[in-house]
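# A closer look at the structure
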Amino acid sequence: MNAASLPELLAAIRECRACADLPQGPRPVVQAGEEARLLIISQAPGSKVHASGLPFDDDSGDRLRAWMGIDKTLFYDPAGIALIPAGFCYPGKGKGGDLPPRRECAPLWHDRLLSALPNIRLTLLVGQYAQKLYLPRGFAPNLTEAVRQWREAPGGLLPLPHPAWRSRLWMARNPWFEAEMLPDLRERVRQALSEI
């Protein structure tokens, strides 16, 4: 696949059936445009996103957009923001919530997608699965410490907790996130998306 042909690559991802054994079947969800300046790497679509086909089309998306200080119009503009999960399809339910992203997706598609997005200025690593893929080994022992060390994250990477409903409990235990990190996140997002 030619790295310069992003539309063809996105079409191939959306037609991917590498995980045909998924409980609700494959339905890859992705958003990207060649001029995107901000990349959000998350874990995997939930059941609502699987149904709609629109990334972060749920309460988690509302919370993430509030953290970033942007509206839906800007969030869903592929000319500004690329949305790439660690696993492109809904993995199904487990005992404690959704199952982890399937391991096939990131190795199959991420390198090609990233090479087709040359204008990325900031990458948000949303949740532990995205952080395990892209933060250097040994950066932090867990998600809380990775997010707490956001200022030391390398090369335009910014770790965030997953914005699921449980994040409200996490935020209550970690008040520095709302007081210190969110203002910095909003400023970095503003800078990354300037001149769009």
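Note on numbering: residues in each chain are counted from 1, in written sequence order. A pLDDT threshold of at least 70 governs which residues receive local features in this predicted model, and a stricter bar of 80 or more applies before side-chain atom pairs are shown or counted, although totals over entire chains, interfaces and linings include all residues. Neither water nor hydrogens contribute to the side-chain values; these are computed over all heavy atoms in the structure.

Only buried residues count toward a nonpolar core, which is a set of Ala, Val, Leu, Ile, Met, Phe, Trp, Tyr and Cys residues joined through side-chain atoms within 4.5 Å. Summary of the burial criterion: residues with accessible area below 20% of their type's maximum are buried, those above 50% are exposed, and those between are partly exposed, where the area comes from a 1.4 Å probe applied to protein chains only. Core analysis: the largest hydrophobic core is formed by 28 residues, its most contacted members being Leu38, Ile40, Met68, Phe75, Leu124 and Phe177. Mapped onto this core, the elements with two or more residues apiece are strand E1 (38-42), helix H3 (59-68), strand E2 (81-85), strand E5 (122-126), strand E6 (157-160), helix H8 (167-173) and helix H9 (175-193). Examining the composition of this core, we find that eight residues originate from one element, H9, more than from any other. Every residue pair with non-hydrogen atoms within 4.5 Å of one another is taken to be in contact. Ignoring anything within four residues of it in the chain, the contact list for Phe177 reads Trp67, Val147, Leu160, Pro161, Trp170, Met171 and Leu182. One finds Leu10, Ile41, Ala116 and Ala153 within the second-largest nonpolar core, a separate group that totals 26 residues. Numbering goes from the N terminus for both helices and strands, where a helix is a DSSP run of H or I of at least four residues and a strand is a run of E of at least two.

This brings us to the environment of Pro107. Assignment of secondary structure puts Pro107 in helix H5 (residues 105-115). Distance from Pro107 to Leu9, taken between C-alpha atoms, is 14 Å for residues 98 residues apart in sequence.

In this section: the state of the cysteines. The term disulfide is used for any two cysteine sulfur atoms that are within 2.5 Å. Here the structure, examined in full by the defined rule, presents zero disulfides. No disulfide involves Cys16; its nearest neighbouring cysteine sulfur is the one of Cys105, lying 6.3 Å away. With a relative accessible area of 15%, Cys16 lands in the buried category. Left without a disulfide partner, Cys89 is nearest to the cysteine sulfur of Cys105, which lies 5.7 Å away. Given a relative accessible area of 7%, Cys89 falls into the buried group.

What follows is about the packing of helix H1 (residues 6-14) against H5. Orientation of H1 relative to H5, taken along the N-to-C sense of each, is 160 degrees, at an axis distance of 10 Å. By the angle between their axes, H1 is roughly antiparallel relative to H5. In this structure, H1 crosses over H5, and the sense of that crossing is left-handed. Contacts between H1 and H5 involve Leu6, Leu9, Leu10, Ala12 and Ile13 from the first element and Trp109, Arg112 and Leu113 from the second. Axes here mean lines fitted to C-alpha atoms, for a helix over just the part in contact, with angles spanning 0 to 180 degrees between N-to-C directions. When an angle is under 35 degrees it counts as roughly parallel; over 145 it counts as roughly antiparallel; between 65 and 115 it counts as roughly perpendicular; any other value is oblique. Here is the rule for handedness: rotate from the far helix to the near one, and if that takes an anticlockwise turn smaller than a right angle the crossing is left-handed, while a clockwise turn gives right-handed.

The next point concerns H1. Within H1 the residues assigned to the buried category are Leu6, Leu9, Leu10, Ala12 and Ile13. The arc that holds every buried residue of H1, seen down its axis, measures 160 degrees, which confines them to one face. Looking at the buried residues of H1, the elements they touch are H5. To obtain the arc, one takes the directions from the helix axis to the C-beta atoms.

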